[in-house]
Amino acid sequence: MKNRNTKQKETILSIVNQINTFFTAEDLYNLIKKKDKNVSLATVYRFLNKFKEEGEVYSYLCDRKTVYSKEKKSHCHFICENSGQIIHFEIDNIDFLKNKIPGKITSFQLEVKGICEDCCKKD
Ligand SMILES: [Zn+2]
Ligand SMILES: [Zn+2]
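None of these values were measured; they are calculated from a predicted model. (Residues numbered from 1 in each chain as written. Chains lettered and ligands numbered in written order. Predicted model: local features only at pLDDT ≥ 70, side-chain atom pairs only at ≥ 80, totals over all residues.)

S.K.: Looking at this structure, how should I read the overall build of the chain?
M.R.: Summing up its helical and strand segments, the chain has five helices and five strands in all. When the elements of the chain are put in sequence order from the N terminus, they spell out α-α-α-β-β-β-β-α-β-α. Taken against the 2.2 N^0.38 rule, which gives 14 Å for 123 residues, the C-alpha radius of gyration of the chain at 18 Å runs more than 25% over that of a compact globule. A total of 123 residues make up the chain; the buried ones form 11% of that total. For the chain, the share of sequence-separated contacts (at least 6 apart) that also reach a separation of at least 24 residues comes to 54%. (Helix = DSSP H or I, 4+ residues; strand = E, 2+ residues; numbered from the N terminus. Rg over C-alpha atoms; globule rule 2.2 N^0.38 Å. Buried ≥ 20, exposed ≤ 12 C-beta atoms within 10 Å, placed from the backbone. Contact = placed C-beta atoms within 7 Å.)

What follows is the structure, given as structure tokens:
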């Protein structure tokens, strides 16, 4: 017999596995509600923390919100110093980091600042 906790974990993890982009705890909660009405947002947070510890998901800070992903091993921002606009980009090749870091990279968050194209045009 599986206990309630194990069943909830399986439900939540199966939904997490279907998301191939960044999501917030609320996003995940809304998806879970459709399958299991007994899961609370607090439970979702609790499991997300557990998954983080177990290396199942990675978490990043995006515009003052915590976002999670199972697939994405990095979260990169290009922030315009003029308008404050955040533009997301992905880095596929991390060889340039590998030889700087004395260990194995599991995930990373990057913040690059500059002036966005729109603002450059205005000058
Ligand atoms: Zn972001
Ligand atoms: Zn700008």
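S.K.: In this structure, what is going on with the nonpolar core? I would like to understand it.
M.R.: Nonpolar side chains in soluble globular proteins tend to end up buried together. Formed by 13 residues in total, the largest nonpolar core has its most connected members in L28, V44 and L48. Secondary-structure elements contributing two or more residues to this core are α1 (4–18), α2 (25–33) and α3 (41–53). In terms of residue count, the dominant contributor to this core is α2 (four residues). If near-sequence neighbours (up to four positions away) are discounted, L28 is found in contact with I15, V16, F23 and V44. (Core = buried A, V, L, I, M, F, W, Y, C linked by C-beta atoms within 7 Å.)

S.K.: It is not clear to me how α3 should be interpreted in this structure. Could you clarify?
M.R.: When the terminal C-alpha atoms of α3 are compared, their 19 Å separation across 13 residues agrees well with the 18 Å that a helix rising 1.5 Å per residue should span. Taken together, the buried positions of α3 are occupied by V44, F47 and L48. Here the buried residues of α3 occupy an arc of 105 degrees about the axis, which is enough to place them on one side. Exposed side of α3, more than 90 degrees from the buried face: A42 and E53 are the residues found there. Tucked into the core, α3 has its buried residues touching α1, α2 and β2 (65–69). Trailing α3 by a residue or two, G55 shows a phi angle of about 75 degrees, which is positive. (Expected span 1.5 Å × (residues − 1). Arc of directions from axis to C-beta.)

S.K.: Please explain the pairing of strand β5 (residues 108–114) as it appears in this structure.
M.R.: Consecutive residues of a regular strand have side chains that alternate between opposite faces of the sheet. Within β5, only zero of the seven residues are buried, which leaves the element largely exposed. One ladder, built from seven bridges, connects strand β3 (residues 74–80) with β5; its direction is parallel. Among the inter-strand pairings, C80 is bridged to a residue of β5, identified as G114. (Pairing = 2+ DSSP bridges.)

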